[in-house]
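This is what each chain is made of:
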Amino acid sequence: MTKARDLMTPGAECVGENETLVDAARKMRDLDVGALPICGEDNRLKGMVTDRDIVVKCIAEGGDPATATAGQFGQGKPVTIGADDSIEEALKTMTEHQVRRLPVIDGHDLVGMLAQADIARSMPERATGDTVQDISQP
């Protein structure tokens, strides 16, 4: 059985809940990613922030990304997957919550990120198309 840890991108980095959206944007740029988990001062996940959140929910609304914090724009408690959970469970979770990336947790520790693309690379073409469609449906 293929597990989340087998396909995840290891070494995921968080943005701190008290870091600014400018800090988050720079970290996204440096890591070449479009979303970051938000970690609290207790090292627990507090949410996710995306590049779209920064643009649409902060800048477009007249907010100042230099003073707004990641914690203010996190989308609630993130949907996660256990490192030893199956890829089938990951797909089910992605589809149910309509998310394209899942923080991978081992115990209480963030150990990686599992993206739709990670799973798609390991699946037959037909299954990949079905998965993308299921996750993307409103």
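Further up the page is the structure itself.
This report concerns the structure included in the present document. Predicted model, so just to flag it, every value in this text is computed and none were measured.

1. A closer look at the side chain of Ser86
Point 1. Relative to the helices and strands, Ser86 resides in the loop between strand S5 (81–82) and helix H5 (87–97).
Point 2. Under the relative-accessibility criterion, Ser86 is labelled buried at 15%.
Point 3. At a separation of 3.0 Å, a polar atom in the side chain of Ser86 contacts the main-chain amide nitrogen of Glu89.
Point 4. Apart from the residues within four sequence positions on either side, Ser86 is in contact with Met1, Thr2 and Lys3.

2. Overview of the pairing of strand S6 (residues 101–106)
Point 1. With two bridges joining them, S5 and S6 adopt parallel strand pairing. Pairing of Ile81 across the sheet is with Val104, part of S6.
Point 2. In this structure, S6 lies alongside strand S7 (residues 109–115), joined through six bridges in antiparallel fashion. Residue pairing in the sheet places Leu102 in a bridge with Leu114 of S7.
Point 3. Counting the residues between successive antiparallel strands, the hairpin from S6 to S7 contains two residues, one of them, Gly107, with a positive phi of roughly 70°.

Reading the values: the criteria
Residues numbered from 1 in each chain as written. Predicted model: local features only at pLDDT ≥ 70, side-chain atom pairs only at ≥ 80, totals over all residues. Heavy atoms only, no water. Helix = DSSP H or I, 4+ residues; strand = E, 2+ residues; numbered from the N terminus. Buried < 20%, exposed > 50% of the residue type's maximum accessible area, 1.4 Å probe, protein only. Polar contact = N/O pair within 3.5 Å; in protein donor to acceptor, adjacent residues only side chain to side chain. Contact = heavy atoms within 4.5 Å. Pairing = 2+ DSSP bridges.

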